[in-house]
Every structure is written in structure tokens, then in C-alpha cells.
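Letter by letter, the chains look like this.
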Amino acid sequence: MAQELILDDRKQEILKSIVANYLETGEPVGSRTISKMGSLNLSSATIRNEMSDLEEMGYVVQPRTSAGRVPTDKGYRFYVDQVMSEKVDSDKSQGALLERVDKLENLLMQVAKVLAYNTQYASIVTSPRLRNKQVKFIQLSQVDEERLVAVIVVGDNVAKNQLIRVQRPLDNEEVLKFNILLNTFLQGISVDEINIELMQTMKRQAGEGEYADILEAIFEGIVDAVHQAEETHIYTSGASNILKYNELGDINKATALLETFEEQTGLSELADEALKSDDKNIQIYIGDESPVQNMKDCSIVTSTYELPEGAKGTIGIIGPKRMDYKKVVSTLKSLTDELDTIFRKE
């Protein structure tokens with residue numbers, strides 16, 4: 001019976017050296033290269049034997065006879081887990097990366113560009129997504145004799161203005177009673193709980209007939225507000241950076257990747273995966289771990305940011321498996337720290 005191989009301390013050090021060297025050079029790593037690094041104090045023959053064991057265990061692979069080894073997805077995963085177990089701080093040396101802008105959309109586009117420029121990989125940033133579908137407040141006001149405006153606030157302080165046409169002018173007392181009715185029945189309940197039975201009850205309370213149309217319009221406005229807040233906008237930058245890396249330079253792979261960025265297919269799924277985490281922990285997907293089919297030859301590093309009201313969005317960096325994980329993680333931490341600072345000043 002063959003002896004079971006164990007990833008002991010020596011194998012771990014050799015594996016980390018192989019991955020670190022390959023991340024830097026992109027070339028297969030031989031035993032002589034590892035022996036010259038000096039920190040292991042092992043002969044080339046001993047290192048070759050250990051590398052053979054690592055290959056048998058699935059951590060490295062030899063692309064061709066007489067060549068060195070390159071990490072497999074399993075090898076990258078070991079290395080990344082080791083890196084993430086160490087404390088990786090935000091990269092404060094770069095100073096302020098973001099300029100203060102008035103529109104959230106412009107700020108998120110700027111984040112995507114800064115990430116792509118500083119890492120030389122591709123980046124994605126998504127708009128914040130509504131997590132809370134509760135109705136928080138409804139305010140009905142008279143615009144003129146023919147129109148009312150309903151200000152509907154749902155979830156994480158997302159507001160929607162709904163213009164409503166009325167059959168006759170309402171006086172101040174009627175508008176007040178309507179506001180009391182709306183907030184008594186709807187305040188604090190989830191949009192998913194607004195059903196036909198509740199709508200019928202409110203119509204009876206308001207008085208059937210002319211008020212029914214007003215209620216229908218308000219219900220429609222609530223649903224529109226939620227749908228508007230749930231719509232995810234995705235901002236990308238640096239997709240062409242992918243072409244700089246030989247392992248992603250295959251024409252078919254490169255074309256599929258660029259189409260993914262252009263058409264944004266699968267990117268929403270990637271954002272959904274990142275948002276499943278309840279905190280800002282960095283998530284790293286290597287190769288087949290990727291939730292995006294056309295990114296199975298890549299590594300993806302994601303984090304999340306959060307607005308003061310609670311809505312969350314995703315920030316992601318996509319590059320080759322031999323990306324500089326420490327730099328990517330520190331850059332992500334720095335960007336999310338800056339976003340937090342900006343949002344606190346709102």
C-alpha cells in the first residue's frame with residue numbers, strides 16, 4: 001500500500017516558493033531556482049523529490065518534460081489561504097485615490113478606473129443593491145387641482161415620487177386622512193406582503209369609488225420604487241489589461257472574456273455571490289471556483305461597500321491566476337476604507 005503523502009512544513013515552504021516565483025515571472029519554476037533562493041538550505045535533488053510529491057498531491061503540474069513546475073488551482077488556493085491568514089493592511093502609501101464627486105454613479109465609475117490603473121487588471125463595481133423592502137414612509141401632497149404627488153420611501157431610504165391624477169381636487173383634510181390611512185396600513189410592512197386582501201381592506205377604509213384609483217397608483221409607485229432600487233448597474237474598467245498576460249492571450253479565451261465585460265453576462269451573478277457575505281471580508285475565487293463561466297482561467301477578488309442606510313454593492317478585480325494577491329487585497333481594502341470615509345461625510 002502506497003504511503004500517504006503529507007503536506008509537511010518543508011513541502012509547504014517549497015510550494016509557497018514555487019507559487020511566489022511563478023507569480024513574479026510567469027515561467028515554470030525549477031529546483032535550481034528554488035535552491036538559489038537560499039532560505040530553504042536544501043539541495044536541488046531534495047527539492048526535486050519534494051516537487052514530485054507536490055505534483056502527485058495535485059498542488060503543481062509539470063507542463064512539459066524537463067520543465068519546471070507551475071501551480072495548479074489547488075496550489076494557488078493553498079498560497080492564497082496562507083496570504084489571507086496573514087494580516088494584510090490597506091495600502092495607505094498611495095494617498096487619496098478618489099476625488100469627491102456629487103453623483104454616486106460618477107464615484108463608482110471612478111473606483112473602477114482607479115482599481116484597473118493601480119492593479120493593471122480588470123475591475124468591476126456595482127451600484128448598491130436594496131436589501132430591505134419595507135415601506136418606511138408615504139407622504140401624499142397636492143400639486144394642483146388635477147394632480148397629487150406621493151413620496152414613497154422604501155428599504156434603505158430609497159425614495160420614489162409618483163404623480164397621481166385625481167378626478168376632483170382634494171381638500172387638506174382629505175389629504176391628511178389619506179396620509180394617516182396609508183402609513184397606518186403600509187408603514188413597516190414588506191412590499192411582498194402587499195396583497196389583494198390588504199388592498200381591498202384599504203379601499204373599503206378609504207371609501208370605494210374615486211379613492212380606489214389613487215390607491216392603485218400608490219401601490220404601483222411602491223412596486224416601481226423597489227424595482228428601481230433593485231436594478232443593478234455594473235461599471236467596468238481595464239478589460240484590455242487581460243491581454244497583457246500570456247496565459248489569457250489565447251484568442252478564444254480573450255474574446256470570451258472581453259465579451260463578458262462588454263455584455264456584462266454573468267457579472268451580476270458574481271456580484272450576488274459577493275453580497276452573500278454579511279461582512280466586508282475579501283472573497284477570492286480561483287479558476288473553477290469562479291461563478292462566471294468565461295472566467296474559469298482567471299482569479300477574481302471581491303469585496304463589498306455599504307452605504308450608511310445599509311444598501312450594499314460589490315467591488316471586484318479580475319486577472320490571471322498568478323496575480324499579485326497581496327497588492328490586490330491591500331488595494332481593495334484601501335478603496336473600501338476611502339468609500340467609507342466619503343459616505344460618512346455625506
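As the structure is a prediction and not an experimental result, all values here were calculated from the model.

Chemist: I would appreciate a short explanation of helix 9 (residues 251-263) in the present structure.
Modeler: Residues that lie three or four places apart on an α-helix share one face, since the helix turns once every 3.6 residues. For helix 9, with 13 residues, the first-to-last C-alpha span of 18 Å sits near the 18 Å given by 1.5 Å per residue. Of the positions making up helix 9, those classed as buried are A254, A256, L257, T260 and F261. Take helix 9 and look down its axis: the buried residues cluster within an arc of 165 degrees, on one side only. Those residues of helix 9 that are exposed and angled more than 90 degrees off the buried face are I251, N252, E262 and E263. Its side-chain oxygen at 3.1 Å from the backbone nitrogen of N252, D250 defines the N-terminal cap of helix 9. With its phi angle positive at about 60 degrees, Q264 sits one or two positions after the end of helix 9.

Chemist: Explain the layout of surface pockets to me, please; I cannot follow it from the model alone.
Modeler: Take a probe with the size of a water molecule and roll it over the atoms, and the empty space left behind shows itself. Size it by volume and the second largest pocket reaches roughly 220 Å³. Elements supplying a minimum of two residues to the lining of the second largest pocket: strand 2 (70-71) and helix 4 (73-85). A breakdown of the residues in the lining of the second largest pocket according to their chemical character gives 5 nonpolar, 1 polar and 6 charged.

Chemist: What should I look at first to understand the pattern of salt bridges in this one?
Modeler: One side chain can pair with another of opposite charge once the charged atoms of both are near each other. Applying the stated criterion to the full structure yields 13 salt bridges. K321 is the salt-bridge partner of D73, the closest N and O atoms lying 2.6 Å from each other. Placement of D73 in helix 4 and of K321 in the loop between strand 10 (312-320) and helix 11 (325-344) is noted, with a sequence separation of 248 residues between them. D73 gets classed as partly exposed once you look at its relative accessible area, which sits at 23%. Through salt bridges with shared partners, one network takes in D8, R10, K11, E50 and D53.

Chemist: Could you clarify how one ought to interpret unusual backbone geometry in this entry?
Modeler: For residues other than glycine, phi is negative in most cases, and the peptide bonds are mostly trans. Within the chain, Q120 stands out as a residue other than glycine whose phi angle is a positive 65 degrees. Turning to its location among the elements, Q120 is positioned in the loop between helix 5 (104-119) and strand 3 (122-126). By relative accessible area, which is 29% here, Q120 ends up partly exposed.

Chemist: Explain the packing of aromatic side chains here, please?
Modeler: The geometry of an aromatic ring pair is captured by two quantities: the separation of the ring centres and the angle between the planes. Across all of its chains, the model carries 2 aromatic pairs by this definition. Judged by centre distance (6.2 Å) and plane angle (75 degrees), the ring pair of Y59 and F78 falls under edge-to-face. Here the residue Y59 occupies a position in the loop between helix 3 (44-56) and strand 1 (60-61), and F78 occupies one in helix 4, the gap between them amounting to 19 residues. Each member of the pair, Y59 as well as F78, is classed as buried. Ring plane angle 40 degrees and centroid distance 5.7 Å describe the contact between Y121 and Y245, whose orientation is recorded as tilted. A residue pair is termed long-range when its members are at least 10 positions apart, and Y121 in the loop between helix 5 and strand 3 and Y245 in the loop between strand 7 (234-237) and helix 9 qualify at 124 residues. Of the residues examined, Y245 reaches a relative accessible area of 15% and is grouped as buried.

Chemist: Hey, could you run me through the packing of helix 1 (residues 9-25) against helix 3 in this one?
Modeler: Closest axis-to-axis distance for the helix 1/helix 3 pair is 10 Å, and the angle between their directions is 85 degrees. By the angle class used here, helix 1 and helix 3 are roughly perpendicular. Residue-level inspection shows R10, K11, I14, L15 and I18 of helix 1 in contact with helix 3, the latter providing T46, I47, E50, M51, D53 and L54. Across the contact of helix 1 with helix 3, the residue classes tally to 6 nonpolar, 1 polar and 4 charged.

About the thresholds
Residues numbered from 1 in each chain as written. Predicted model: local features only at pLDDT ≥ 70, side-chain atom pairs only at ≥ 80, totals over all residues. Heavy atoms only, no water. Helix = DSSP H or I, 4+ residues; strand = E, 2+ residues; numbered from the N terminus. Expected span 1.5 Å × (residues − 1). Buried < 20%, exposed > 50% of the residue type's maximum accessible area, 1.4 Å probe, protein only. Arc of directions from axis to C-beta. Polar contact = N/O pair within 3.5 Å; in protein donor to acceptor, adjacent residues only side chain to side chain. 1 Å grid on protein atoms, 1.4 Å probe; cavity = no way out; pocket = protein on both sides within 12 Å on 5 of 7 lines; lining within 4 Å. Points joined across faces, edges and corners; volume = space filled by probe spheres on them. Nonpolar A, V, L, I, M, F, W, Y, C, P; charged D, E, K, R; others polar. Salt bridge = Lys/Arg side-chain N within 4 Å of Asp/Glu carboxyl O. Phe/Tyr/Trp six-rings, centres within 6.5 Å; stacked < 30°, edge-to-face > 60°. Axes fitted to C-alpha atoms, helices over the stretch in contact; angles between N-to-C directions. Parallel < 35°, antiparallel > 145°, perpendicular 65-115°, else oblique. Contact = heavy atoms within 4.5 Å.

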